[in-house]
Amino acid sequence: MAQLFETENTPSAVAYAKVALEQGIDAGDGLTYAVPPMLEDLQVGERVTVPLGRKNKAVSGYVMQIENHCDLPPSKVNKLKAITSRDASAVSLTPDLIALARWMAAYYCCPLGMVLVTMLPAAVKHGTGTVRQTMVGYADQVDGEEDSADAPKLTKLQRAVVEEVDRLAGAGQPWTEIKELADLAGAKTVSPIRQLIKKGVLTTQTQSAIRAAELIESARGKQGTGQPSARLVLTPDQDKALTHLGGHIPQGFSVNLLQGVTGSGKTEVYLRAIESLIGNTESKTNGAIVLVPEIALTPQTSARFRDRFGEDVAVLHSGLTASQRHAQWRRIRNGEVRIVVGARSAVFAPLSSVGLIIVDEEHDSSYKQDQLPRYQARDVAIKRAQLCGAAVVLGSATPSIESYYNATEKNTYHRLILPQRVSGLSLPKVDIVDLTDERRKRYQMTGKAGVHLLSLVMETAIRRTLEDKRQTLLLLNRRGYANYIACPDHNCGWLMYCDFCDALMVYHKAKQLPTGGYVECHHCTAKQTLPTNCPQCSKKITTFGLGTQRVEEELERKFPQARLARMDSDIMRTARDYEETLDAFRAGEIDILLGTQMIAKGLDFPNVRLVGVISADTSIHMPDFRATERTFQLISQVAGRTGRGSEAGKVILQTFNPNDPAIQLAAKHDYETFAQNEIELRRNMRLPPITRMARIVVRDKDHVACYEHATKLASSLNRFNDELQLGVRLRGPMACPIARIAEFHRMQIELIAADAATLQQLMTALRNQNMLISDHHTAVDVDPVSLL
């Protein structure tokens, strides 16, 4: 890319810096600025303020590079603008994060500044929760010796304060917040401390601190102790996996796929691997990052890690308040902790010495961000580990086809297998219920063609589970009450679509509303009241289809004595909502837990005897080549939530497609056959992971402008592809499966190449000519996980 710079007459510079601006200007490694003498100690990674444009607007950016000379012509060097100041709160990113940002900007076709904005939480940049505190310590001339002849006379309470200051200073804490010191000394007010300050015994200084609510790892106040209650005995397979990791972690970069069936003890392997890492006093890289896919898993996981490692653990996820995020980030950046547990964005935790990165449930699609920069946290974790010389552990019972392929065919990953549950029990038996046959049986029994979301087999199993005082987990990956709002007259055929999207509206019940509910678009979140009559023929409209609300209603009607809870994003608004519900279920206060995919991942409830999948068909026919993979993984994962205690569990899977290979193999817990069949199918179709893919989506509220932009971009891609003789397969432009979202028409171009380097070469060629720019109208998605 052409070198960009800002010019203006400037005093002499001691160096020159490339600064990547947060505004998202796609300027390669940044704009060139002069470093003034007052900032001669400036470091790469620091956040600074610089002037931009003719009006010298003050904008923030990050120092990417510092050089003693400048390659620009002398006439332009003399006119370079100077960096105004460094960030007042001394915010900076570690060198490995700066290198990682460079790679992400190039690989994911994103302005460098946007990547850096993603890496640094807004709460840190804004200093959320920062307060000024009065800190108290000994005055220099006193040094705590109040027994000398010249020492002032002290009251009993004043002596108590001095003794407390002595104790804290001896423990390495020379300064204490004034109110905290009063409490520790047993004083009701700070008056004794003020008197000691007047006598010259103590002095004060003002310090910045972050005021944030204390982290609670569960709604019941579970806190990590750092003292595990009992040392678990490892299975031979766990011991073998740990022996392998123990040999590879100290050696530097490696990627290890830990493929273990549900309940096989993968988390214990993670814990022991980290124990080995931080216990190695000779290692210079003893920090660990643990990623989990869902906010619902973070409290459970972080509680287990705090139980093992005490206060040496920080937590980062979107469920924290802004001040909590700021406080946790500062703890990590200041080197106060060595272990970070969190969701996707925790991959950017500013640990100064990373030795191990663990990605739990590595197959999960929530590791992929759907907004700029569209990064895949699993792949970013691998790249960061490579930059740091760290090891990576990817854990899953159902690995992504990409990871399985890398481990079994490309042999770039080490594969470790945990084939047995630690309890010694077999995986749960799965019964497939054919819903077409179920409806026929119901009609024969009752003579009525009513709709039942629970099959007779499912109802019987739930009833027996309740009688045995055990718990039931029910999965339906669709929220709302009904996903069709329609006219009952077949001659009319009206369906209610969103006014802003080419998607059906979904009915949600809401008893507090006069209408009893509302309709919502699950793509643009537009809401409106439920119409009474068809707008075309005036007949009374009907709702049909299924959602978690409707299943909840049927459960309440058929099992009125059961204690029931629902978990979906309609009612789980905060991290505390997740924690309270899961804690109540763990404590046996809930008999039946109904939810979407958030209940299918990683949760461990020994008392769950029955798992029911209300519909295995919700995603299997989506227009996406990964649809069967996601279906298999979801069924396998939720099935693994049962039989984790001392008793065998059972799974009932309802479907209209009982003979589908993905459903049949999931019922048999046969991941190997599924993965091998899927790879062979994709090899025949030349789809990832055999090849690499990127998807460019063009969006515009004007349909003609959208088409013209997409056509022009496709023409440029084809021209550069031919000129460079890259052999990239281009498909499109064509309408996206959902052709309009939030009033924006959408067209897509798919790029498929033999390898990532070829794909990058084509897109970089267009970026260098400003023909491919990630902005509001063009979304570049490298390694897409969804094609909708």
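As a reminder, the structure under discussion sits directly above these lines.
Report on the accompanying structure. Computed from a predicted model, the values in this text were never measured in an experiment.

1. A word on the packing of aromatic side chains
Here is step 1: On inspection of all chains with the given rule, the structure shows eleven aromatic pairs.
Here is step 2: Between Tyr484 and Phe544 the ring centres are 5.0 Å apart and the planes differ by 10 degrees, which places this aromatic pair in the stacked class. Residue Tyr484 is located in strand β19 (residues 484–486), and its partner Phe544 is located in strand β23 (residues 542–544); the two are separated by 60 residues in the primary sequence.
Here is step 3: A ring pair is formed by Phe632 and Phe674, whose centres lie 4.3 Å apart and whose planes are at 5 degrees; its orientation type is stacked. Of the two residues, Phe632 is situated in helix α18 (residues 627–639) and Phe674 in helix α20 (residues 671–685); the sequence distance between them amounts to 42 residues. Comparing Phe632 with Phe674, the two get one shared label, buried.
Here is step 4: Here the aromatic cluster, defined as three or more aromatic residues joined through ring pairs, consists of Tyr404, Phe632, Tyr671 and Phe674.

2. Overview of the pairing of strand β31 (residues 778–782)
Here is step 1: With five of its five residues buried, β31 lies for the most part within the structure.
Here is step 2: On β31, burial covers both faces: Thr778, Val780 and Val782 on one face and Ala779 and Asp781 on the other are all buried.
Here is step 3: Where strand β28 (residues 692–700) meets β31, five bridges bridge the pair, whose relative direction is antiparallel. Bridging from a neighbouring strand, Ile696 pairs with Val780 of β31.

3. Quick word on the sheet that holds strand β7 (residues 130–138)
Here is step 1: Pairing is antiparallel across the open sheet formed by three strands, whose spatial order is β8-β7-β9. Strands with a single pairing partner mark the edges of an open sheet, and in this sheet they are β8 (176–177) and β9 (202–210).
Here is step 2: For β7 and β9, the ladder comprises nine bridges, and the chain directions are antiparallel. Bridge pairing in β9 links Val136 to Thr204.
Here is step 3: Contacts from helix α5 (residues 156–170) reach β7, β8 and β9 within the one sheet, and its direction differs from that of β7 by about 100 degrees.

4. So, the sheet that holds strand β27 (residues 650–655)
Here is step 1: Strand order in the open sheet made by the six strands is β17-β27-β26-β18-β25-β24, with parallel pairing throughout. The sheet is open, and its two edges are formed by β17 (429–434) and β24 (564–567), each paired on a single side. Direction aside, the axes of adjacent strands within the sheet are offset by 15 degrees on average.
Here is step 2: Together, β17 and β27 form the strand contacts of helix α14 (residues 435–446), whose direction differs from that of β17 by roughly 65 degrees.

5. Section: the pattern of salt bridges
Here is step 1: Considering all chains together, one arrives at 45 salt bridges under this definition.
Here is step 2: Across the pair Asp96 and Arg384 runs a salt bridge, and its minimum N-O distance is 2.6 Å. Taken together, the residues Asp96 in helix α2 (residues 95–107) and Arg384 in helix α12 (residues 377–388) connect sequence positions 288 residues apart. Just as Asp96 is buried, Arg384 falls in that class too.
Here is step 3: Among the ionic pairs, Arg682 bridges to Glu629, the shortest N-O distance being 2.8 Å.

6. What about the packing of α5 against helix α7 (residues 191–198)?
Here is step 1: α7 packs onto α5 with a crossing angle of 80 degrees between their chain directions and a minimal axis gap of 9 Å. The pairing of α5 with α7 is recorded here as roughly perpendicular in orientation. For the pair formed by α5 and α7, the contact residues are Leu157, Gln158, Val161 and Val162 on the first element and Pro192, Ile193, Gln195 and Leu196 on the second.
Here is step 2: When grouped by side-chain class, the residues that make up the contact of α5 with α7 number six nonpolar, two polar and no charged.

7. As for the side chain of Arg330
Here is step 1: Tracing the sequence through the fold places Arg330 in helix α11 (residues 322–333).
Here is step 2: If we skip the residues at most four places from it in the chain, Arg330 touches Ser89, Ala90, Val91 and Ile210.

Scoring rules and cut-offs
Residues numbered from 1 in each chain as written. Predicted model: local features only at pLDDT ≥ 70, side-chain atom pairs only at ≥ 80, totals over all residues. Heavy atoms only, no water. Phe/Tyr/Trp six-rings, centres within 6.5 Å; stacked < 30°, edge-to-face > 60°. Helix = DSSP H or I, 4+ residues; strand = E, 2+ residues; numbered from the N terminus. Buried < 20%, exposed > 50% of the residue type's maximum accessible area, 1.4 Å probe, protein only. Pairing = 2+ DSSP bridges. Contact = heavy atoms within 4.5 Å. Axes fitted to C-alpha atoms, helices over the stretch in contact; angles between N-to-C directions. Salt bridge = Lys/Arg side-chain N within 4 Å of Asp/Glu carboxyl O. Parallel < 35°, antiparallel > 145°, perpendicular 65-115°, else oblique. Nonpolar A, V, L, I, M, F, W, Y, C, P; charged D, E, K, R; others polar.

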